[in-house]
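Structural overview
Listed below, chain by chain, are the residues.
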Amino acid sequence: MYPGSATLVILAWITRCWADGDTAVEIAPSEHFEGNDGPWSSFYIRVGVPEQDVRVLVSTASPETLVVSAEQGCSTPVFGGTVPSDCAVSRGTLFDQNKSATWDALGEFDINVDGIGLEANLGYSQLVDFASETLGVGLTGSKLDNQTVGVIATANPFYLGIFGLNDQPLNFTALGNYSSPSFLATLKDQKQIPSLSWSYTAGARYRLKQVYGQLIFSGYDTSRFKENSATFTMADDITRDLVVVLQSISYSGSTEATLLSDPINIFIDSTDANLWLPESVCTEFENAFGLTLDQDSGLYLVNDTHHTTLLNSDAEVTFRLSDVTEGGDAVSITLPYGAFDLTAQPPLVGNQSYYFPLKRAANETQYTLGRVFLQEAYLSADYERKTFNVSACVWNEGAQSNLVTITSTDPGSGPSSSSSSGSSSLGGGAIAGIVIGVVAFVAIIGALIALFIRRQRKKTAYAMADPEPDVSVLTGPVHNAPPATPRPPKFYSPETVGDGSTAINSSSSTRHPSTQPPDAADELDGDSQQIYQLHGDSASLRPDAAAAAPAVYHELPGSELRKTTSGRVVSAMMGESPRRAAGEVEDPPSPYVSTPGSTGWSGDRDASSDLVSPTTPVHHGKRSSLAADIKD
């Protein structure tokens, strides 16, 4: 196995460990504030194949996902006149089902009827073109096949699309009681998350330097809220399950007042933007903030002058929540006026205007704390334990996130966790540090292995290659012969010996006799002339003796050498090896000389309007398209 392969195997193992769904998963916000009744922090989803990115708002009550139609979402009938120039962008980008290869149509249905279904209690009516489709959440998050996605056209009640968090399946009675699992349940079934739970807060544009919303599957972030001891039990009505007891509402500003004193049960739901409260409580709000209901739009519109006055009032509204009507553990959520400072745009109103998000509830089934409340509240829901938590948001600029995983109640899933206690999992920074450390370690090991392999290859190549010739053989006589007999006296010519001198002029061109090659340090190079100093006492040489002695010259024995083209050494003069004379035994070899060596439903099913669950859409088999709903 090569080092690169080892690295890929280790990284794949790490990725698989994290992909097993043992930890909480955070979905990054889109970093946009938008909506014609906001502004609200949105999230990206990816729909179809090829993927189409659209921005939507989070619905804590819906099990399905809705997107805006590219064909009709910005048409003239939708707006009843002039279409805004930025319509497609302001509606979160439009989705074209005709460009998706995985769009498997299920038919057109109403999301609710006869007071049953998504936001039916609030009077919502919406025709939706449903399909089984590929759906991913976040720009790089989880992606699932065969999810229920609906296309809408009208701008009211949904101007932006929604992404549903409810764990209940969506039933289609007209399709043989076909049940479509929710996105959350599918994530759990495919082991991409450890439990059927989530946490959400809507974000607050008016806080710090804009604080975006947060969405986490199977966990929560302790850096975003203040812990409390209150725990809430889910209601039996699966369409209105996140119900709390609102014990009181108090106002503080230029004066102080109690806006609600008698406890009521109220539903927390991010699908709708408003506070839906009893008529008497709305009257108290009107008095405290100087509000007037606009009969045409049904909104509490605020003109510019009054808007400035309210901003300078530093008014606050505090909601006290509990799971019981009196006493018990409770949590207080305080909203500054900035949370109520919203803007309404066409077609919600004729002209853009500030408004206060308050609605008069017709009865107790409409009591709702909407998206405006979740700007200051942090909501965590655990469907496996049928409990949820509501906490006050904290605003600490630069705070590092600290994700805590909510584990499953399934056997062998480990200890449970809640928003008030539990063991913490590794945060994003710690995980990133582990990844970097592992990658660095693998890279070092890979480099060492590569270096070892490279050296081994070099050794193998060197052993198989022809040897380089010995330079000493090419350029001069061989000096590794056996020791010679004692050298005889050396003789120098009188011309080269000076009076009383112990050295010979280095410029002399006379060769000096020797019966033995010089030492290796004084090797002859074949061209240069070598001069050697006389051994013994130079004082024994007399001028008269030197004059009488004839000049004697001795030349070194041997032969001139030349190098053939093959790199081997041959005799050029004597015809025989200079290392072997006649009758001599061959010397040992010289140590200085080298030797070589996805399926959906078909469209031909019979339609009916039978309902089998509170979240069952009603089929309109005779309605041809979304355009009919627009005209109606």
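As the structure is a computational prediction, the values presented were derived from the model and not from experiment. (Residues numbered from 1 in each chain as written. Predicted model: local features only at pLDDT ≥ 70, side-chain atom pairs only at ≥ 80, totals over all residues. Heavy atoms only, no water.)

1. Observations regarding the state of the cysteines
Linking two cysteines covalently through their sulfur atoms gives a disulfide. Here is the rule we go by: When two cysteine sulfur atoms are found within 2.5 Å, that pair is recorded as a disulfide. Runs of H or I in DSSP of at least four residues are treated as helices and runs of E of at least two as strands, each being numbered from the N terminus. Relative accessibility under 20% of the residue-type maximum defines a buried residue, over 50% an exposed one, and the middle range a partly exposed one, all with a 1.4 Å probe and only protein chains included.
Throughout the structure, instances matching the rule amount to one disulfide. The residue that forms a disulfide with C74 is C87, at a sulfur-sulfur distance of 1.9 Å. Negative torsions about the S-S bond denote left-handed disulfides, and the value of about -95° found for C74 with C87 makes this one left-handed. Of the two residues, C74 is situated in the loop between β5 (65-68) and α2 (76-79) and C87 in helix α3 (residues 87-90); the sequence distance between them amounts to 13 residues. When its relative accessible area of 23% is taken as the criterion, C74 is described as partly exposed. Given the relative accessible area of 3%, C87 is considered buried.

2. Side note on helix α5 (residues 279-289)
Going by this rule: Directions are taken from the helix axis to each C-beta atom, and the arc is the one they span.
Listing the buried residues of α5 in full gives V281, C282, F285, E286 and F289. Taken down its axis, α5 places every buried residue within 150° of arc, on the same side. Those residues of α5 that are exposed and aimed more than 90 degrees away from the buried face are S280 and N287. G290 occupies a position one or two residues after α5 and carries a positive phi of about 65°.

3. Thoughts on the nonpolar core
The nonpolar side chains of a soluble globular protein tend to be buried with one another. Test applied: As used in this record, nonpolar core signifies buried Ala, Val, Leu, Ile, Met, Phe, Trp, Tyr and Cys residues forming a set joined through side-chain atoms within 4.5 Å.
Counting residues in each nonpolar core, the largest one holds 107 residues, and the members touching the most others are F217, L321 and F373. Within the second largest apolar cluster, twelve residues are counted, among which are C393, L403, V404 and I406.

4. Section: the packing of aromatic side chains
Keep this limit in mind: Paired rings are identified among Phe, Tyr and Trp, the last through its six-membered ring, by centres lying within 6.5 Å, and are further divided according to the angle between planes into stacked (under 30 degrees), edge-to-face (over 60) and tilted (the rest).
Under the criterion given, the structure shown has 22 aromatic pairs. On the basis of an interplanar angle of 25° and a centroid distance of 5.4 Å, the ring pair of F33 and Y212 is categorised as stacked. Residue F33 is found in strand β2 (residues 29-34), and its partner Y212 is found in the loop between β14 (197-201) and β15 (214-217); the two are separated by 179 residues along the sequence. Since its relative accessible area comes to 16%, F33 is described here as buried. Since its relative accessible area comes to 25%, Y212 is described here as partly exposed.

5. A short note on the pairing of strand β6 (residues 104-110)
Threshold: Here the rule is simple: two strands pair whenever DSSP picks up at least two bridges between them.
For β6, the tally of buried residues reaches six of seven residues, placing the bulk of the element in the interior. As defined by bridge partners, β6 adjoins strand β9 (residues 127-137) across six bridges and the pair is classed as antiparallel. Paired with E108 across the strands is D129, a residue of β9.

6. Digging into the sheet that holds strand β28 (residues 353-356)
The criterion, for reference: Residue contacts are defined here by distance: any two heavy atoms, one from each residue, within 4.5 Å place the two residues in contact. Throughout, an axis means a line fitted to C-alpha atoms (over the contacting stretch in the case of helices), and angles, computed between N-to-C directions, take values from 0 to 180 degrees.
The strand order β23-β24-β28-β27 describes an open sheet built from four strands, whose pairing is antiparallel. Among the strands making up the open sheet, the edge pair consists of β23 (293-294) and β27 (342-344). Pairing of strand β24 (residues 299-302) with β28 involves three bridges; the strand directions are antiparallel. Looking across to β28, one finds that Y300 is bridged to F356. In the packing of helix α6 (residues 304-311) onto the sheet, the strands contacted are β24 and β28, and the crossing angle to β24 comes to about 85°.

7. Here we look at the side chain of T154
For the record, the criterion: Here a polar contact is taken to be a pair of N or O atoms separated by no more than 3.5 Å, where protein atoms must pair a possible hydrogen donor with a possible acceptor and residues adjacent in sequence count only if both atoms sit in side chains.
Note that T154 resides in the loop between β10 (143-152) and β11 (161-164). At a separation of 3.1 Å, a polar atom in the side chain of T154 contacts the side chain of Q126. Among the polar contacts made by the side chain of T154, one reaches the main-chain carbonyl oxygen of N156 at a distance of 3.4 Å.

8. Examining the pairing of strand β4 (residues 52-59)
Counting buried positions along β4 yields seven of eight residues, so the element is predominantly enclosed. One ladder, built from five bridges, connects strand β3 (residues 40-47) with β4; its direction is antiparallel. The residue of β4 that forms the bridge with Y44 is R55.

9. Concerning the environment of D86
Structurally, the position occupied by D86 is in the loop between α2 and α3. For the pair formed by D86 and C74, sequence separation is twelve residues and the distance between their alpha carbons is 9.4 Å.

10. Topic: a nonpolar patch on the surface
Defined as follows: Two distance rules govern patches: like charges are joined within 9 Å, and nonpolar side chains (Val, Leu, Ile, Met, Phe, Trp, Tyr) within 5 Å, applied only to residues with over 30% relative accessible area and no salt bridge. The Shrake-Rupley method, run with a 1.4 Å probe sphere, supplies the accessible areas, and residue values consider only the shown protein chains as cover. Any Lys or Arg side-chain nitrogen located within 4 Å of an Asp or Glu carboxyl oxygen qualifies as a salt bridge.
Together, F441, I444, I445, L448 and I449 make up an exposed nonpolar region whose accessible area comes to about 480 Å². By the secondary structure assignment, I449 is in helix α8 (residues 428-464). Since its relative accessible area comes to 35%, I449 is described here as partly exposed.

11. Topic: the side chain of E119
How we decide: Positive: Lys, Arg. Negative: Asp, Glu. His and the chain ends are not part of the count.
With respect to the helices and strands, the residue E119 is situated in the loop between β8 (116-117) and β9. We note that E119 is buried and unpaired, the nearest opposite charge coming from R240 at a distance of 5.7 Å.

12. Let's talk about the pattern of salt bridges
The full count for this structure, using the stated rule, is ten salt bridges. One salt bridge in this structure joins K188 and E384, with 3.6 Å as the shortest N-O distance. Remark: E384 occurs in the loop between β31 (377-382) and β32 (387-393) and K188 occurs in helix α4 (residues 183-189); sequence separation between them is 196 residues. A relative accessible area of 15% means that K188 is categorised as buried. On the accessibility criterion, E384 (18% relative accessible area) is buried. Residues E397 and K209 are paired through a salt bridge, measuring 3.5 Å at the closest nitrogen-oxygen approach.

Any functional reading would require information that these geometric values do not contain.
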